[in-house]
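Commentary on secondary and tertiary structure
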Amino acid sequence: TELDGNYGEENSVKILLWTFSCVYDPNELSEDYAKAFLTKIVYVTEPLRGMPWWRDGGLLSAQPSFAPTLLQQMENIEQLGQLATLNQHLSETKEIMANNIENILE
């Protein structure tokens, strides 16, 4: 909440609630990466949320100024998702190789 003298009576309380969400494919990206992405977006947007076009602007009013930043963050998380996929494949390959070695030694 915040005190706001511009929108009504003096000392009135205006409640402003920010929500963040994302849609992701769990086959491509883990939930942990989605949460990390959202956490990063919360911190990146914090100084911008005081700007008039963020607080009172219409639909997509912050798009021109924030789109490049959002795109950069999305590209970073895609790279992390690709790395996670490679690590998963590597772990699976190691497990198969360990089983094969164990079978050969028996």
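Residues numbered from 1 in each chain as written. Predicted model: local features only at pLDDT ≥ 70, side-chain atom pairs only at ≥ 80, totals over all residues. Heavy atoms only, no water.

**Comments concerning the overall build of the protein**
A count of helices and strands for the protein gives three helices and two strands. Written out in order from the N terminus, the α and β elements of the protein read β-β-α-α-α. Considering the protein as a whole, with its 106 residues, one finds that 12% of them fall into the buried category. Surface exposure of the protein reaches about 8,700 Å², of which carbon and sulfur atoms provide 56%. (Helix = DSSP H or I, 4+ residues; strand = E, 2+ residues; numbered from the N terminus. Buried < 20%, exposed > 50% of the residue type's maximum accessible area, 1.4 Å probe, protein only. Areas by Shrake-Rupley, 256 points an atom, 1.4 Å probe, with all protein chains shown as cover.)

**Focus on the confidence of the model for the protein**
Per-residue pLDDT for the protein averages 80, and the proportion of residues at 70 or more is 86%. Considering each helix and strand of the protein separately, the mean pLDDT is smallest for strand β1 (residues 2–3), with a value of 49, and largest for helix α1 (residues 31–45), with 85. (pLDDT = per-residue confidence, 0-100.)

**Description of the layout of surface pockets**
Considered as a void within the structure, the largest pocket measures approximately 860 Å³ in volume. Taken together, 32 residues make up the lining of the largest pocket; nearest its centre are Phe20, Ser21, Ile41, Phe66 and Leu70. With nine residues, helix α3 (residues 63–105) is the largest single contributor of residues to the lining of the largest pocket. For the lining of the largest pocket, the per-class residue count stands at 20 nonpolar, nine polar and three charged. (1 Å grid on protein atoms, 1.4 Å probe; cavity = no way out; pocket = protein on both sides within 12 Å on 5 of 7 lines; lining within 4 Å. Points joined across faces, edges and corners; volume = space filled by probe spheres on them. Nonpolar A, V, L, I, M, F, W, Y, C, P; charged D, E, K, R; others polar.)

**Looking at the environment of alanine 34**
Along the chain, alanine 34 falls in helix α1. Between the C-alpha atom of alanine 34 and that of isoleucine 77, which follows or precedes it by 43 residues, the distance is 8.0 Å. With residues near it in sequence (within four places) discarded, alanine 34 still touches Cys22, Tyr24 and Leu29. (Contact = heavy atoms within 4.5 Å.)

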